[in-house]
Amino acid sequence: MTADGIRLRRHVRGGDLTAVAEVRCSLRELVRHRIAADPADTAELLTSELVTNALIHTRRGAVVTATLGRTTLRVEVRDFVPELPDPYVPVTDDGTHGRGLLLVQALADAWGVHTQGVGKVVWFELTDVKPAA
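The notes below deal with the structure included here. (Residues numbered from 1 in each chain as written. Predicted model: local features only at pLDDT ≥ 70, side-chain atom pairs only at ≥ 80, totals over all residues. Heavy atoms only, no water.)

## Regarding the sheet that holds strand β3 (residues 72–79)
The strand order β1-β2-β3-β5-β4 describes an open sheet built from 5 strands, whose pairing is antiparallel. Strands with a single pairing partner mark the edges of an open sheet, and in this sheet they are β1 (6–12) and β4 (110–115). In this sheet, adjacent strand axes meet at a mean angle of 15° when their direction is disregarded. Direction of pairing for β4 relative to strand β5 (residues 120–127): antiparallel, over a ladder of 6 bridges. Of the residues in β5, the one forming a bridge with Thr115 is Lys120. (Pairing = 2+ DSSP bridges. Helix = DSSP H or I, 4+ residues; strand = E, 2+ residues; numbered from the N terminus. Axes fitted to C-alpha atoms, helices over the stretch in contact; angles between N-to-C directions.)

Structure (structure tokens):
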């Protein structure tokens, strides 16, 4: 537990897409019994999208940090490539490619990107998370 709340931090190797499931599992353990199922499921989905984007588009690995405060869950995915992501508007024949940031925009209460050192952080927040019943 930190002064900001309960925190999860995971390092993910570049190109290791199996790590996406591992990060999801770790996040599930962080929020299990602490917040309701709906925001927990949303957090898992959005975290998966951001980690997958970092691994596919940067190939240099990432650091995932999730902080659960009293009323807010914040997830940050830091990679080591300075180019900022551009939300992609997929075309109908594009399969599932390019929908990650659109999901984040649609489902998160807040999200953003900022540069940090040699790279960037893409983050989202779910606010007013209710305790699990």
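Structure's up, so let's keep going.
## A word on the pattern of salt bridges
If you walk through the whole model with that rule in mind, you get 8 salt bridges. Glu44 serves as the salt-bridge partner of Arg24, at 3.5 Å between the closest nitrogen and oxygen. With a gap of 20 residues between them, Arg24 in helix α1 (residues 18–31) and Glu44 in helix α2 (residues 37–58) connect regions that are remote in the sequence. Taking relative accessible area as the criterion, Arg24 reaches 28% and is therefore assigned partly exposed. The partner of Lys120 in a salt bridge is Asp79, and the shortest N-O contact between them spans 3.0 Å. Taken together, the positions of Lys120 in strand β5 and Asp79 in strand β3 put the pair 41 residues apart, joining distant regions of the chain. (Salt bridge = Lys/Arg side-chain N within 4 Å of Asp/Glu carboxyl O. Buried < 20%, exposed > 50% of the residue type's maximum accessible area, 1.4 Å probe, protein only.)

## Focus on the nonpolar core
Nonpolar side chains in soluble globular proteins generally cluster together in the buried interior. In this structure, Leu73 and Phe124 are the most contacted members of the largest nonpolar core, which totals 30 residues. When residues of this core are traced back to their parent elements, those giving at least two are β1, α1, α2, β2 (62–68), β3, α3 (100–107) and β5. A total of 7 residues in this core trace back to one element, the largest contributor, which is α2. (Core = buried A, V, L, I, M, F, W, Y, C linked by side-chain atoms within 4.5 Å.)

## Here we look at α1
Taking 1.5 Å of rise per residue, 14 residues should cover 20 Å, and α1 covers 21 Å from first to last C-alpha, within 8% of that figure. Listing the buried residues of α1 in full gives Ala19, Val20, Val23, Ser26, Leu27, Leu30 and Val31. Axial view of α1: buried residues confined to an arc of 125°, hence all on one face. Of the residues in α1, the exposed ones pointing more than 90 degrees away from the buried face are Thr18 and Ala21. Each element contacted by the buried residues of α1 is listed here: β1, α2, β2 and β3. Just downstream of α1 lies His33, where phi reads positive at about 70°. (Expected span 1.5 Å × (residues − 1). Arc of directions from axis to C-beta. Contact = heavy atoms within 4.5 Å.)

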